[in-house]
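Chain by chain, the residues:
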Amino acid sequence: IPSTLIVLRDSQYIPQPVKLFEIGEVVTRCTDCYTGWQNQLNVVFAIMDSEIRFEDTHADLFSVLFELGISSELKIERCSHKAFLSGRCGCVKYGDVVVGVVGEMHPEILTALGIEYPVSMAELYLNKLKPVLSAVKFM
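This part takes up the overall build of the protein. A count of helical and extended segments in the protein gives four helices and six strands. The helix and strand sequence of the protein, counted from the amino end, reads α-β-β-α-β-β-β-α-β-α. Against the compact-globule benchmark of 14 Å for 139 residues, the protein has a radius of gyration of 15 Å, which places it among compact chains. When the backbone C-alpha atoms are referred to their principal axes, the protein occupies close to 40 × 40 × 30 Å. Taking all 139 residues of the protein together, the buried fraction comes to 37%.

This is the structure:
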């Protein structure tokens, strides 16, 4: 999410909407790991526009999950995340495991980074999605 926000900040004066997709490794805390940290493969997509809603990114997220053939395996439940507005955030779940998050970025974060437009984004944790994806038969 942080690197995606930097790209959006640097792209905010091009014609809108700005849609961005990024995949890469993220370092996360790991209480069971020797070092206390681990690398995790994540994918993020974001939309920046003069007006943006949670539903805009939710629709794109559902399209991706549908194309992967896993939309029926996952559900989105209301949750909270420090980067997103309260009440405008959802956790993507496979069973009881959170495999992603979707929401509208908190205005304080956008202001701190110098982003003048609303941003909505989704992040999927591919390592946690591996059991779901391995069960799908692609043509």
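Our focus in this paragraph is unusual backbone geometry. Gln16 connects to Pro17 through a cis peptide bond whose omega is 10°. Here Pro17 is to be found in the loop between helix H1 (2-10) and strand E1 (18-29).

Let us now look at the sheet that holds strand E4 (residues 84-94). A sheet is described by the order of its strands in space; here six strands give the open sequence E1-E2-E6-E5-E4-E3, paired in antiparallel fashion. The open sheet terminates on both sides in strands that have one partner only, identified here as E1 and strand E3 (75-78). Each neighbouring strand pair of the sheet contributes to a mean axis angle of 25°, computed without reference to strand direction. Here E4 pairs with strand E5 (residues 97-105) via seven bridges, running antiparallel. Its bridge partner being in E5, Val92 is matched across the sheet by Gly100. Relative to E1, H1 is tilted by about 150°, and along the sheet it contacts E1, strand E2 (37-48), E5 and strand E6 (119-125).

Time to look at the pattern of salt bridges. Counted according to the given criterion, the structure contains eight salt bridges. Taking the shortest distance from any N to any O, the salt bridge between Asp60 and Lys19 comes out at 3.9 Å. Note that Asp60 is positioned in helix H2 (residues 54-67) and Lys19 in strand E1, a separation of 41 residues in sequence. Judged by its relative accessible area of 24%, Asp60 falls in the partly exposed class. A residue is classified by how much of its surface remains accessible, and Lys19, at 56% relative accessible area, is exposed. In this structure, a network of salt bridges that share partners links the residues Arg53, Glu55, Asp56, Arg88 and Glu104.

So, how was this worked out
- Residues numbered from 1 in each chain as written.
- Predicted model: local features only at pLDDT ≥ 70, side-chain atom pairs only at ≥ 80, totals over all residues.
- Heavy atoms only, no water.
- Helix = DSSP H or I, 4+ residues; strand = E, 2+ residues; numbered from the N terminus.
- Rg over C-alpha atoms; globule rule 2.2 N^0.38 Å.
- Buried < 20%, exposed > 50% of the residue type's maximum accessible area, 1.4 Å probe, protein only.
- Pairing = 2+ DSSP bridges.
- Axes fitted to C-alpha atoms, helices over the stretch in contact; angles between N-to-C directions.
- Contact = heavy atoms within 4.5 Å.
- Salt bridge = Lys/Arg side-chain N within 4 Å of Asp/Glu carboxyl O.

By themselves these figures say nothing about function.
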